[in-house]
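The chain contents come next:
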Amino acid sequence: MTVSSQFLMVHVGQSTEAQRNLEHGIETRSWGFPESKPEYDDAHPRFALLATGASPRVQLADWLNGTATLYLFEVRGSFYTGHAPHWPDEEAEMRIKYPLRFGIEPLAVLHDVPLGPVGPLTEAGSDAIRRSGTDRGMGKLVDMPALPLLDLAGIPVDPDQPDNVPLDKSPGFTTDQVEGKKKPQRRRRGAGYISDPKKRKAIELYAEDLAIAHYENQGWSVERLGKPYDLRCTRDTDERHVEVKGTTGAPTSVELTINEVLHARDKDNTVDLYVVSDITLNTHTDPYTASGGTVSHYLDWEPAEEDLRPRRYEYRLPLTAD
């Protein structure tokens, strides 16, 4: 029996604005739509497929003869209403244009994928991308087998449980792999990285302030360290270490250093992870000011291997060279 999964199919245009938003969505692990629709109310899509490079304003028969670049994501969490400008065009206009949001975790990018029968998509799935392109990029829900896409991406899964994707076995992708005719040239870093140091600092301090207030209200004495972990909390003879992360996007994934991972896995440490997402950042003040946000709090946190994906490696050179 073929196992189907629920997909959210999205067409992304080739304009500079659309490509910049695609990069920002990949970087911050977030996506959004201009409005909600009744079919989203009880939906829990497992995957999102963002497609670009093919014009949707053609008949279905012509569409199925074409190819596209497909960005495959795991959907993290439920739909939620964003309260902060997040994408570049939202920040430029200082208004929320995409209030319905959800988290996306990059799994693989697939280039020149046939949209017709020889490709990994069902006709209904392929047509859903086309219809999204004629409807302002609104996501279209469709049930279809995930295995052909996962196989094409080289991601090993149990055929009977294709929804269980090990992050450490998926290639992932970065904004450098976005291919658009008008692709903006901007230097990028890893997941969740914010290039503006003033923004990054304001978000970090705000998230830490919320975490400190939370623990102090629980009777803990809190010391702000920064390294090797953010907060040291003590109460009587108990000690708890806290890693704090903040983002203006969805609570999808965060960037960890190897030292943060090793520290959390050390059995001698009791570590919590405190994440503040959907933070509103006012860049018209000096310094920038942050507000709002949604807290995700993980007690006794220890990152599992299948939830980690390496971004960079240290390579030890051989002792001898030719």
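Our structure's up above, just so we're on the same page.
Residues numbered from 1 in each chain as written. Predicted model: local features only at pLDDT ≥ 70, side-chain atom pairs only at ≥ 80, totals over all residues. Heavy atoms only, no water.

## Some thoughts on the overall build of the protein
- The helix and strand tally for the protein stands at seven helices and eleven strands.
- What you see for the protein is a C-alpha radius of gyration of 21 Å, in line with the 20 Å of a compact globule of 322 residues.
- C-alpha extents for the protein along the principal axes are approximately 70 × 55 × 50 Å.
- Taking all 322 residues of the protein together, 49% fall into the buried category. (Helix = DSSP H or I, 4+ residues; strand = E, 2+ residues; numbered from the N terminus. Rg over C-alpha atoms; globule rule 2.2 N^0.38 Å. Buried < 20%, exposed > 50% of the residue type's maximum accessible area, 1.4 Å probe, protein only.)

## Looking at the nonpolar core
- One finds Phe 7, Met 9, Leu 49, Leu 70, Leu 121 and Leu 149 to be the most contacted residues of the largest nonpolar core, which totals 29 residues.
- If you list the elements that add at least two residues to this core, you get β1 (4-11), β3 (47-52), β4 (67-81), β5 (100-114), α4 (123-133), β6 (140-145) and α5 (147-153).
- A total of four residues in this core trace back to one element, the largest contributor, which is β5.
- Apart from the residues lying within four places of it in its own chain, the contact partners of Leu 70 are Leu 49, Leu 50, Ala 51, Ala 108, Val 109, Leu 110, Val 113, Leu 121, Ile 129 and Leu 149.
- Membership of the second largest hydrophobic core comes to 25 residues, among which are Trp 31, Phe 73, Phe 102 and Val 109. (Core = buried A, V, L, I, M, F, W, Y, C linked by side-chain atoms within 4.5 Å. Contact = heavy atoms within 4.5 Å.)

## Details of the pairing of strand β9 (residues 238-246)
- Taken together, the five bridges between strand β8 (residues 231-235) and β9 define a ladder with antiparallel strand orientation. Pairing of Leu 231 across the sheet is with Val 242, part of β9.
- Linking two consecutive strands that pair antiparallel, namely β8 and β9, is a turn of two residues; a positive phi of about 55° is found at Asp 236 within it.
- Two strands pair when backbone bridges link them, and β9 and strand β10 (residues 271-282) are joined in this way by six bridges, in the parallel orientation. Each bridged residue has a counterpart across the sheet, and for Glu 243 the counterpart in β10 is Leu 273. (Pairing = 2+ DSSP bridges.)

## Details of the pattern of salt bridges
- A complete count under the given rule lists 27 salt bridges for this structure.
- Of the charged contacts in the structure, one is a salt bridge between Glu 74 and Arg 46, with a shortest N-O distance of 2.7 Å. Taken together, the residues Glu 74 in strand β4 and Arg 46 in the loop between β2 (30-33) and β3 connect sequence positions 28 residues apart.
- Because the salt bridges share partners, they merge into one network encompassing Glu 17, Asp 89, Glu 93, Arg 95 and Lys 97. (Salt bridge = Lys/Arg side-chain N within 4 Å of Asp/Glu carboxyl O.)

## A word on the sheet that holds β9
- Taken together, five strands build an open sheet; the order of strands is β7-β8-β9-β10-β11 and the sheet is mixed. The open sheet terminates on both sides in strands that have one partner only, identified here as β7 (221-224) and β11 (289-298). Across this sheet, the average inter-strand angle for adjacent strands is 30°, counted without regard to direction.
- By the bridge criterion, four bridges tie β7 to β8 in an arrangement that is antiparallel. Its bridge partner being in β8, Glu 223 is matched across the sheet by Arg 232.
- Relative to β10, helix α6 (residues 197-217) is tilted by about 130°, and along the sheet it contacts β7, β8, β9, β10 and β11. (Axes fitted to C-alpha atoms, helices over the stretch in contact; angles between N-to-C directions.)

## Re the side chain of Thr 248
- Locating Thr 248 in the fold gives a position in the loop between β9 and α7 (258-265).
- Of the residues examined, Thr 248 reaches a relative accessible area of 10% and is grouped as buried.
- A polar side-chain atom of Thr 248 sits 2.8 Å from a polar atom in the side chain of His 86. (Polar contact = N/O pair within 3.5 Å; in protein donor to acceptor, adjacent residues only side chain to side chain.)

## Concerning the sheet that holds β5
- As summarised here, the arrangement of the six strands in space is β2-β5-β4-β3-β1-β6, forming an open sheet in which the pairing is mixed. Pairing within the sheet leaves two strands with one partner each, and these edge strands are β2 and β6. Strand-to-strand twist in this sheet, taken as the mean axis angle between neighbours without regard to direction, amounts to 40°.
- Taken together, the five bridges between β1 and β3 define a ladder with parallel strand orientation. Bridge pairing in β3 links His 11 to Ala 51.
- Helix α1 (residues 16-28) rests against β2, β3, β4 and β5 of the sheet, and its axis sits at about 135° to β2.
- Sitting on the sheet, α4 is in contact with β1, β3, β4 and β6, with an inclination near 30° to β1.

## A closer look at unusual backbone geometry
- Here the residue pair Lys 227 and Pro 228 is connected by a cis peptide bond, since its omega of 0° sits within 30 degrees of zero.
- Among the structural elements, Pro 228 can be located in the loop between β7 and β8.
- One non-glycine residue, Met 94, lies in positive phi territory at about 50°.
- Met 94 gets classed as partly exposed once you look at its relative accessible area, which sits at 43%.
- Phi at Asp 278 is positive, roughly 55°, even though this residue is not glycine.
- Within the element layout of this structure, Asp 278 appears in strand β10.

## Observations concerning the side chain of Ser 170
- Topologically, Ser 170 is positioned in the loop between α5 and α6.
- When neighbours within four sequence positions are excluded, Ser 170 is seen to be in contact with Leu 107, Ile 155 and Arg 309.

## Let's talk about the packing of aromatic side chains
- By the definition in use, this model includes nine aromatic pairs.
- Their ring planes at 70° and their centres at 5.3 Å tell us that Phe 73 and Phe 173 sit as a pair that is edge-to-face. Highlighted residues: Phe 73 in strand β4 and Phe 173 in the loop between α5 and α6, separated in sequence by 100 residues. This pair shows no difference in class: Phe 73 is buried, exactly as Phe 173 is.
- Where Trp 87 meets Tyr 98, the ring centres are 5.6 Å apart and the plane angle is 80°; that geometry is what we call edge-to-face. With Trp 87 in the loop between β4 and α3 (88-93) and Tyr 98 in the loop between α3 and β5, this pair connects stretches of sequence that are eleven residues apart. With respect to burial, Trp 87 and Tyr 98 carry one shared label: buried.
- Note that Arg 46 overlies the ring of Phe 47, its terminal NZ or CZ placed 5.8 Å from the centroid. (Phe/Tyr/Trp six-rings, centres within 6.5 Å; stacked < 30°, edge-to-face > 60°. Lys NZ or Arg CZ within 6 Å of the ring centre and 35° of its normal.)

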